[in-house]
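Summary of the model geometry
Residue-level listing of the chains:
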Amino acid sequence: MTEQIDPCIIVAREVDKIYPNGCHALKKVSMSVNRGEVVVVVGPSGSGKSTFLRTLNQLETISGGDVRIDGIHLTDSKTDINKIRAEVGMVFQSFNLFPHKTALENVMLAPMRVRKQSRTVADEKGRELMYKVGLAERMHSFPSQLSGGQQQRVAIARALAMAPSIMLFDEPTSALDPEMVGEVLDVMKSLAKEGMTMVVVTHEMGFAREVADRVVFMEEGELVVEETPERFFDNPTNTRLQKFLGQVL
Amino acid sequence: MDKQYNQAFWNTVFVLIMITIGIGVYMSSKSIDYTWRWERIPQYLINTEPQEVLAPFDGVIEIAADDKTLTVVADSGEDPFVISTYDLRDVEDGDIVFEGDPIAGIEGWQIGPITWGLVMTLKISMISLVFAMLIGLFTGLARISANPAVRNLAISYIELVRGTPLLVQIFIFYFFIGTVLDLDRFTAGVAALSVFTGAYIAEIIRSGIQSIHPGQMEAARSLGMNYVQAMVYVILPQAFKRTLPPMAGQFINLIKDSSLVSVISITDLSKAGREVVNSTFAPFEVWFTVALLYLVLTGGLSWMVQKLEKRLAASD
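Residues numbered from 1 in each chain as written. Chains lettered and ligands numbered in written order. Predicted model: local features only at pLDDT ≥ 70, side-chain atom pairs only at ≥ 80, totals over all residues. Heavy atoms only, no water.

Brief notes about the overall build of chain B
Looking only at helices and strands, chain B has ten helices and nine strands in total. Radius of gyration (C-alpha) of chain B: 29 Å, far over the 20 Å computed for a compact globule of 316 residues. C-alpha extents for chain B along the principal axes are approximately 90 × 60 × 35 Å. When burial is assessed residue by residue, chain B has 37% of its 316 residues classed as buried. Long-range contacts, defined as pairs at least 24 residues apart, comprise 67% of the intrachain contacts of chain B with a sequence gap of at least 6. Split by element, the accessible area of chain B, about 18100 Å² in all, is 64% carbon and sulfur. The average position of the 21 basic charges and that of the 31 acidic charges among the side chains of chain B differ by 24 Å. (Helix = DSSP H or I, 4+ residues; strand = E, 2+ residues; numbered from the N terminus. Rg over C-alpha atoms; globule rule 2.2 N^0.38 Å. Buried < 20%, exposed > 50% of the residue type's maximum accessible area, 1.4 Å probe, protein only. Contact = heavy atoms within 4.5 Å. Areas by Shrake-Rupley, 256 points an atom, 1.4 Å probe, with all protein chains shown as cover. Lys, Arg positive; Asp, Glu negative; His and termini not counted. Charge placed at Lys NZ, Arg CZ, Asp CG, Glu CD.)

Comments concerning the overall build of chain A
On a plain count of helices and strands, chain A comes out with nine helices and ten strands. Taking 18 Å as the expected radius of gyration for a compact globule of 249 residues, we find that chain A reaches 18 Å, a close match to that expectation. Expressed along its principal axes, the backbone C-alpha trace of chain A runs to roughly 55 × 45 × 45 Å. Residues counted as buried form 55% of the 249 residues belonging to chain A. For chain A, the proportion of contacts with a sequence separation of at least 24, taken over those separated by at least 6, is 66%.

Details of the interface of chain B and chain A
Contacts between the two partners involve 20 residues from chain B, matched on the other side by 26 residues from chain A. With both chains or domains summed, chain B and chain A bury close to 1900 Å², and 59% of this area falls on carbon and sulfur atoms. For chain B, the biggest contributors to the area lost against chain A are Ser222(B), Leu223(B) and Tyr233(B); these three give 31% of the whole. Our count for the chain B to chain A interface comes out at one salt bridge. Notably, a salt bridge pairs Glu218(B) with Arg54(A), separated by 2.6 Å at the nearest N-O pair. Linking chain B with chain A are seven residue pairs in polar contact (both at pLDDT 80 or more). At the level of secondary structure, the elements contributing two or more residues to the side of chain B that touches chain A comprise α7 (214-222) and α8 (227-257) of chain B. In terms of residue count, the dominant contributor to the side of chain B that touches chain A is α7(B) (seven residues). (Buried area = accessible area lost by both parts, 1.4 Å probe. Salt bridge = Lys/Arg side-chain N within 4 Å of Asp/Glu carboxyl O. Polar contact = N/O pair within 3.5 Å; in protein donor to acceptor, adjacent residues only side chain to side chain.)

As for the nonpolar core
Counting residues in each nonpolar core, the largest one holds 84 residues, and the members touching the most others are Ile10(A), Phe52(A), Leu56(A), Ile69(A), Phe98(A), Leu168(A) and Val199(A). At eleven residues, the largest contribution of residues to this core is made by α8(B). Each residue touching Phe98(A), except ones within four places of it in the same chain, is listed here: Asn106(A), Leu109(A), Pro143(A), Arg158(A), Gln216(B), Ala219(B), Ala220(B), Leu223(B), Met225(B) and Val234(B). Val38(A), Phe95(A), Val133(A) and Val154(A) belong to the second-largest nonpolar core, a separate cluster that totals 52 residues. (Core = buried A, V, L, I, M, F, W, Y, C linked by side-chain atoms within 4.5 Å.)

Observations regarding the sheet that holds strand β2 (residues 24-34) of chain A
Residues and elements named next belong to chain A. Pairing is antiparallel in the open sheet, where four strands are placed in the order β2-β1-β4-β5. A single partner strand is all that each edge strand has here, and the edge strands are β2 and β5 (72-73). Pairing of strand β1 (residues 8-18) with β2, which is carried by seven bridges, proceeds in the antiparallel orientation. By the bridge assignment, isoleucine 18 is partnered in β2 with histidine 24. (Pairing = 2+ DSSP bridges.)

So, helix α5 (residues 166-181) of chain B
Residues and elements named next belong to chain B. Roughly 30° is the biggest bend found in α5, and it falls at phenylalanine 173. All buried positions along α5 are accounted for by Leu166, Gln169, Ile170, Phe173, Tyr174 and Gly178. Taken together, the buried residues of α5 touch α4 (148-162), α6 (185-210) and α8. At the exit of α5 stands aspartate 182, carrying a positive phi of roughly 60°. (Bend = angle between axes of the 7 residues up to and from the residue.)

Structure representation (structure tokens):
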């Protein structure tokens, strides 16, 4: 291999998002993420952090700028967006498990339909992932029979089943009862340790400090601060960030 | 808290009211001097009368010695007419018969006209149901399409069909479209019923799909599924389950609406009823029987849908 691999797996350049109602959700947001890096995005609600995360797999279209995943322009009309999305796992605030399928079937569905894996292969991989997120005993339960924390762990397993190179987390613990936050964060921590590239939107400052390689602060659609966790939390220089941290810590 | 009712007492009240209604019906028939002739009805369901064999031409009867074969020798020199199995014999050896005279009877049973009507109603409803589901599914999906041409076509179809009476549509299908495309009356009837019911099913399916949380579509798409895969594996199974109750109502309407195809001379249950009334002069008995048979069809259908609903409730 003589070809040099670009260390940046996600490159967002001057991303603009204006909703049809005129709301300017993202204002020229630029950010890049290296392979294996964990980036945590924080900010007050309505700051555009979830919107920004969703532009990274085009669940949200962009009005201007450019997003590249692994060198491929998402906005290019020739890009097969389904192929990109298969490589970018996403975990939602409200889990969004498929309620008509058991936990294991949730995990197996996309590998079988998108990756065209056989049932046996998908089943074996699915069981392995259910074991990994600590739900081997509950894999034949329907989502309605699982607690919030368990559902979110199934959702993580479902995303991992596609063997993605990037994982996006959109406030994964915000809908959980406090006692269940830990079990989900533990799974995410072990993923980070394995070297998964992760972009995490969260309000869990402890997680940001402990796991993140970089922390990003967004406010009113702008990327305000991008720092290492130590400098971010211990010596914030930006006044807007100081105010925000004063409110949440 | 809901008020607690005395179950035994109020159930008795229910039964008493039903009995009163029954007596009311009986009394009102008495007041118009109606003579009930229920015994005339069964033969129109299953006919056990021996079937008459008529002489095909003028001739002379010859009966074999063992009384197993009956032959009509034609006066005109045509080939003789032979019956080798009969259960009743109306003629003797050497009798002279004329064309159309009854000569023998064959025992056995046949399906009566009302039963044939029932079979026709069932057949036309089931075939229409399949087509209506297909039309409804595609129109329902078109109705929520982002493409304005597709969406407006679907809306126009739905509004056009829902805004005109089924009876008028059946006439249009039979007399206009049927003539242009050279359709027989059965096909025209099925087409009219399918197109009519399809419009209602489309709206049911649309509302079912829209009732599914948008996060389901996002989750499916975020896993790399395309729109069709997400629809087929994620959205539609959930929408189908949610729309079962209104869908069952629509299916029952379809069975009942199928009675209107009798206007283009399809002998369904209703038309068979009308014909039998003409030959029995027992309208009350016939129409009660026909109503009961419709009730059996629709009741059976709702029972099956309820079973299905229970089975699908496993993931709730």
